[in-house]
Amino acid sequence: MNKAIERHKNILEFSLSSLLRRKTKNASLLAIYTLIVFAIASLLFFLSALKRESILILKDAPDMVVQRMVAGRQDLVPLVYAKEIASLRGVRKVTPRLWGYYYDAPSGGNLTVMTAAMPAGFIKIGSGVSRLRRATVADVIVLQSYDNEVPLMLEIKEVLPYESELAAADLVIMSDLDFRKLFKFPQGHATDLALTVANSRELSTLAEKIVDRYPDARPILKSEMLRTYDSIFDWRGGMMLVMMIAAVLSFIIFAWDRATGLSAEERKEIGILKSIGWETSDVLLLKFWEGAVISLSAFFFGVIAAYVHVYFFSAPLFQPVLKGWSVLYPQFKLVPAVDAYQLGVLFFLTVAPYTFATIIPCWRAATIDPDAAMRS
Amino acid sequence: MVKKTKDEILIKTFRIRKSTVFLVLTIINVMAFSLLMLHARSVQARAGQLLASSISIAKELQLTDLCLFTEARYTRHPAMGDVHAAFQDHPLALEHFPSGSLVPAPRPFMRRHE
Amino acid sequence: MNMISLTNITKSFHVGKASHFVAVNDVSLDIAPAKVTILKGPSGSGKTTLMTLIGCMARPTSGRIVLSGMRAAWMTSEDPSGVEITSLPERFLNDIRRRTFGFVFQQFNLLKGISVLENVMLPAYPTGEDHHVFAARAGELLEQFSIARHAKSPVEWLSGGELQRVAIARALINDPAVIIADEPTAHLDTALSREFMTIVGTLKQAGRTILIASHDPIVYDSPLADRVVEMRDGVITSSGPKL
């Protein structure tokens, strides 16, 4: 047993000497390799964390939301609809929701305005809004109403906690009265209806009934809402897929380079090794270690750096992409969501091809007869 | 008593082999990795507490979306959008918000009401 | 008594093809232990091929080679009649080669970019021996050949004579009983060639068997040579002790 370990150690020693012969080439290879692992791992960690958090945060979303469409565009829902729908069997509660978007000209940010039971003239704002407007409790915010009258002056009653940014960073919560004043919102209408049903299995039948009654209604089921976030955070879709493909291609290129690149010099060296007593298995072990040193190191460095990047620093490198042109970007710290399966796939992708890529082309070279060195 | 020659000392300092360094480095890596996994476990245990405010606000206001992309309406509330949402401005309104490329178009669940 | 005995050894290449040729033709020879045997002959005479057969690097097409007095890992006790290597499986053949033979090549065949010390230790790497042990042996060998100060230098920095000594040191790392050298003085000047023969003398004194293929008079005319075997076209033309 000891002998086997010593043999491995010795051959590893030589593989390191061999790699160190071309310091710059192998150092840059390691760096690039690490970078790619870092990018993919960061993405995987980021998306799985967001996915888990979205499930947790949105688990109390309404069972169904009913919108109204006019000529393919979302329009306001008449409150009459609410009464009718409430009378349908299986519907426990219908809540007309008032919410909309407010473009804040001075800061350039888009705010989401919602309503709750609040005293008139007071608002609760998300911490992102507080950051944007540099306003805090007891400050007064001025909003331009659609009425063209005197602008709305609203005092901040509460700033929502920093930890809630992922759900509420851009929210402005006000009373119904202020909402209607701000948007000159017509009476007898709501933005949409939020439904609570008795039996969630009846949701689709209920949706059909609603559309039957009101063909211009558009019901959205809770499962559909959650599915949207499934697909946003799925690393198999959209931009993420492009990145994954690029990364996989890079690994293939690395492995390919190793698999085809047995130069004449390398072959000569293998011949020499065989002539001084190395067997075919020793040579293959050497090539294995040469690959493993780089890929193992790259994997660990990349994954550790990615973890720190995403969970300690909240992925600042992704910020420009996610932020886009928005002025208000939520700041949040993610709860680590590390999946053994994902890491396993990543390990398999990064380490295996590169490590074993040389085995096959090397096989032919390694089976050279030892006397070949005598002849050259 | 044999006096150690310079060459003997040279051979002896060779004792710190590269393979040892590499193996130690790898062990450190594995340990760091394990520490991070432990960290993950411990934070996950507190997840409920960390997300408490978000969850309560979401429940209170019956939120349907996370505040990720505040660029456009259909990226702010992707769960509420339909296939036409991105084209509300104009039928030929080509994708001009960067986050629009990150948020996929909603897939209809039931053919009937889309 | 250690001995290498060859009986009716033939080695042909490309059997059954148009390029078929016989490198070694029905050669029978006994290599005496602790003596210097020289294989003399022009290129193409088959001496290199013969050496590869003796050194367990290749198998003969027909004939028998028996090594006696050679210890192999899988043998618990010395077999008095010797080991017939021609019929051994690859693994065992390799093992015998590693333990019994050390090779010095014409081109030295040292690995570039690797240090002198590591080059010398290389043959010992896959044996699974504790590296402290063979590193110490390597150090001693480097000292013996006065190249210890170059231990950590890459081989490219050494002169021809120093490289030759590195090659010899490498051949000795596994403490082999037999040293096989193929045209060792081909790239050396007279002074270095004589120096080589001096080293050969030292090895002979230590009880090692030396087999050298050479057409250099400094080698085959040397007083150290105990026997000169002349070959031509794969056949031994004359063989006898040096007069």
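Along every chain, residues carry numbers that run from 1 in the direction the sequence is written. Think of it this way: whatever chain is written first is A, whatever ligand is written first is 1, and the rest follow in order. Totals for whole chains, interfaces and linings use every residue, but because this is a predicted model, local features are given only for residues with pLDDT of at least 70 and side-chain atom pairs only at 80 or more, for both listing and counting.

## Here's the deal with the overall build of chain A
The cut-off we apply is this: Runs of H or I in DSSP of at least four residues are treated as helices and runs of E of at least two as strands, each being numbered from the N terminus. Both definitions apply: the radius of gyration is a C-alpha atom measure, and the globule rule equals 2.2 Å times residues to the power 0.38. Field definition: a residue is buried when 20 or more other C-beta atoms are found within 10 Å of its C-beta, exposed when 12 or fewer are, and partly exposed for counts in between, with C-beta atoms placed from the backbone.
If you tally the helices and strands in chain A, you get 15 helices and 13 strands. Relative to the globule expectation of 21 Å for 376 residues, the C-alpha radius of gyration of chain A, 31 Å, shows a markedly less compact shape. Judged by the C-alpha coordinates and their principal axes, chain A covers about 100 × 50 × 40 Å. Out of the 376 residues in chain A, the part that is buried amounts to 43%.

## Describing the overall build of chain B
For chain B, the count of helices and strands is 4 helices and 0 strands. Listed N to C, the secondary structure of chain B is α-α-α-α in terms of helices and strands. In chain B, which comprises 114 residues, the proportion classed as buried is 29%.

## What to know about the environment of Pro119(A)
Residue and element names in this part refer to chain A. Note that Pro119 resides in the loop between β6 (109-115) and β7 (122-125). Residue Pro119 is classed as exposed on the basis of its 12 C-beta neighbours within 10 Å. As for Pro119 and Asp178, which are separated by 59 residues in sequence, their C-alpha atoms are 9.3 Å apart.

## Describing the interface of chain A and chain B
For an interface, size is often stated in terms of accessible area lost upon the parts coming together. To be explicit about the condition: For the purpose of contact definition, each residue receives a C-beta atom placed from its backbone, and two residues are in contact when these atoms lie within 7 Å. Residue type decides the class: Asp, Glu, Lys and Arg count as charged, Ala, Val, Leu, Ile, Met, Phe, Trp, Tyr, Cys and Pro as nonpolar, and the leftover types, Gly among them, as polar.
At the junction of the two partners, chain A supplies 63 residues and chain B supplies 54 residues. Across the side of chain A that touches chain B, the residue classes break down as 39 nonpolar, 14 polar and 10 charged.

## As for the sheet that holds strand β9 (residues 152-159) of chain A
Residues and elements named next belong to chain A. Convention followed: Two strands pair under a simple rule: DSSP has to find at least two bridges between them. A fitted line through C-alpha atoms represents every axis, and for helices the fit uses only the stretch in contact; the resulting angles, taken between N-to-C directions, go from 0 to 180 degrees.
Strands sit in the order β5-β6-β10-β7-β9-β8 across an open sheet of 6 strands; the sheet is mixed. For this open sheet the edge positions go to β5 (99-104) and β8 (140-143), each flanked by a neighbour on one side alone. For this sheet, the mean inter-axis angle between neighbouring strands, taken without regard to orientation, is 35°.

## Description of the pairing of strand β4 (residues 62-68) of chain C
Residues and elements named next belong to chain C. Note: strand β1 (residues 3-13) against β4, 6 bridges, orientation antiparallel. In the strand pairing of β4, Thr10 is matched with Ser62. When β4 meets strand β5 (residues 83-84), the two strands line up antiparallel, connected through 2 bridges. Paired with Leu67 across the strands is Val83, a residue of β5.

## Description of the packing of helix α2 (residues 23-57) of chain A against helix α13 (residues 340-356) of chain A
Residues and elements named next belong to chain A. Cut-off, in case you're wondering: Every angle not falling under 35 degrees, over 145, or within 65 to 115 is termed oblique; those three ranges are roughly parallel, roughly antiparallel and roughly perpendicular. Handedness of a crossing is defined here by the sense of rotation of the near helix relative to the far one, left-handed for an anticlockwise turn of less than a right angle and right-handed for a clockwise turn.
Closest axis-to-axis distance for the α2/α13 pair is 11 Å, and the angle between their directions is 165°. One element, α2, and the other, α13, form an angle in the roughly antiparallel class. Crossing of α2 over α13 shows right-handed handedness. Contacts between α2 and α13 involve Val37, Ile40, Ala41, Leu44 and Ser48 from the first element and Gln342, Leu346 and Thr350 from the second.

## A closer look at the domain arrangement of chain A
Residues and elements named next belong to chain A. The line we're drawing: As used throughout, domain bounds are those supplied by an automatic or database domain assignment.
When the domains of chain A are assigned, the result is domain 1 (2-57 + 232-375) and domain 2 (62-222). Each partner contributes residues to the interface: domain 1 has 7 residues there, and domain 2 has 11 residues. Class assignment for the residues of the side of domain 1 that touches domain 2 results in 5 nonpolar, 1 polar and 1 charged.

## Focus on the nonpolar core
Stated formally: By our criterion, buried Ala, Val, Leu, Ile, Met, Phe, Trp, Tyr and Cys residues that link up through C-beta atoms within 7 Å make up a nonpolar core.
One finds Phe45(A), Leu193(A), Val120(C) and Met121(C) to be the most contacted residues of the largest nonpolar core, which totals 184 residues. At 17 residues, the largest contribution of residues to this core is made by helix α11 (residues 280-312) of chain A. Leave out the neighbours within four places in its chain, and Val120(C) touches Ala138(C), Leu141(C), Leu142(C), Val166(C), Ala169(C), Arg170(C) and Ile173(C).

## Observations regarding unusual backbone geometry
Residues and elements named next belong to chain A. Look at Arg134: it is not a glycine, yet its phi comes out positive at around 50°. Note on placement: Arg134 falls in the loop between α4 (127-133) and β8. Here Ala315, not a glycine, exhibits a phi torsion of approximately 50°, which is positive. Secondary-structure assignment places Ala315 in the loop between α11 and α12 (319-323).

## Some thoughts on the packing of helix α5 (residues 160-172) of chain C against helix α6 (residues 190-205) of chain C
All names here are of chain C. Here α5 crosses α6 at 25°, and the two axes come no closer than 11 Å. The angle between α5 and α6 falls in the class roughly parallel. In terms of crossing hand, the pair formed by α5 and α6 is right-handed. Contacts between α5 and α6 involve Gly160, Gly161, Gln164 and Ile168 from the former and Leu192, Glu195, Phe196 and Ile199 from the latter.

## A closer look at the environment of Trp278(A)
Mapped onto the elements, Trp278(A) comes out in the loop between α10 (264-275) and α11. Among the residues examined, Trp278(A) registers 25 C-beta atoms within 10 Å and is labelled buried. For the pair Trp278(A) and Ala366(A), spaced 88 residues apart in sequence, the C-alpha separation works out to 9.5 Å. Sequence-distant contacts of Trp278(A), that is, excluding residues within four places in its chain, are made with Leu273(A), Val283(A) and Pro126(C).

## Some thoughts on helix α1 (residues 2-21) of chain A
What counts, and what does not: Multiply 1.5 Å by the residue count of a helix minus one, and that product is the helix's expected span.
Over its 20 residues, α1(A) extends 29 Å from the first C-alpha to the last, a length consistent with the 28 Å expected when each residue adds 1.5 Å. Tucked inside the fold, the buried residues of α1(A) contact α2 and α11 of chain A, α2 (18-45) of chain B together with α4 (131-144) of chain C.

## A short note on the confidence of the model for chain B
Residues and elements named next belong to chain B. Note the cut-off: The predictor attaches a confidence to each residue, called pLDDT, with possible values from 0 through 100.
Averaged over every residue, the pLDDT of chain B is 77; the share at 70 or more is 67%. Ranking the elements of chain B by mean pLDDT puts helix α1 (residues 6-13) last with 52 and α2 first with 93. Here the prediction assigns the complex a pTM of 0.84, and the interface score ipTM is 0.87.

## Here's the deal with the sheet that holds β5(C)
Residues and elements named next belong to chain C. Read across the sheet, 4 strands follow the order β2-β1-β4-β5 without closing on themselves; strand pairing throughout is antiparallel. Of all strands in the sheet, those bounded by a partner on one side alone are β2 (21-31) and β5. Together, β1, β2 and β4 form the strand contacts of helix α1 (residues 47-54), whose direction differs from that of β2 by roughly 55°.

## Overview of the environment of Pro123(C)
Counting through the fold element by element, Pro123(C) comes out in the loop between α3 (116-121) and α4. You can call Pro123(C) buried: it has 23 C-beta atoms within 10 Å. For the pair Pro123(C) and Glu84(C), spaced 39 residues apart in sequence, the C-alpha to C-alpha distance is 24 Å. With near-sequence residues (within four places) excluded, Pro123(C) lies in contact with Ile276(A), Gly277(A), Arg98(C), Arg170(C), Ile173(C) and Asn174(C).

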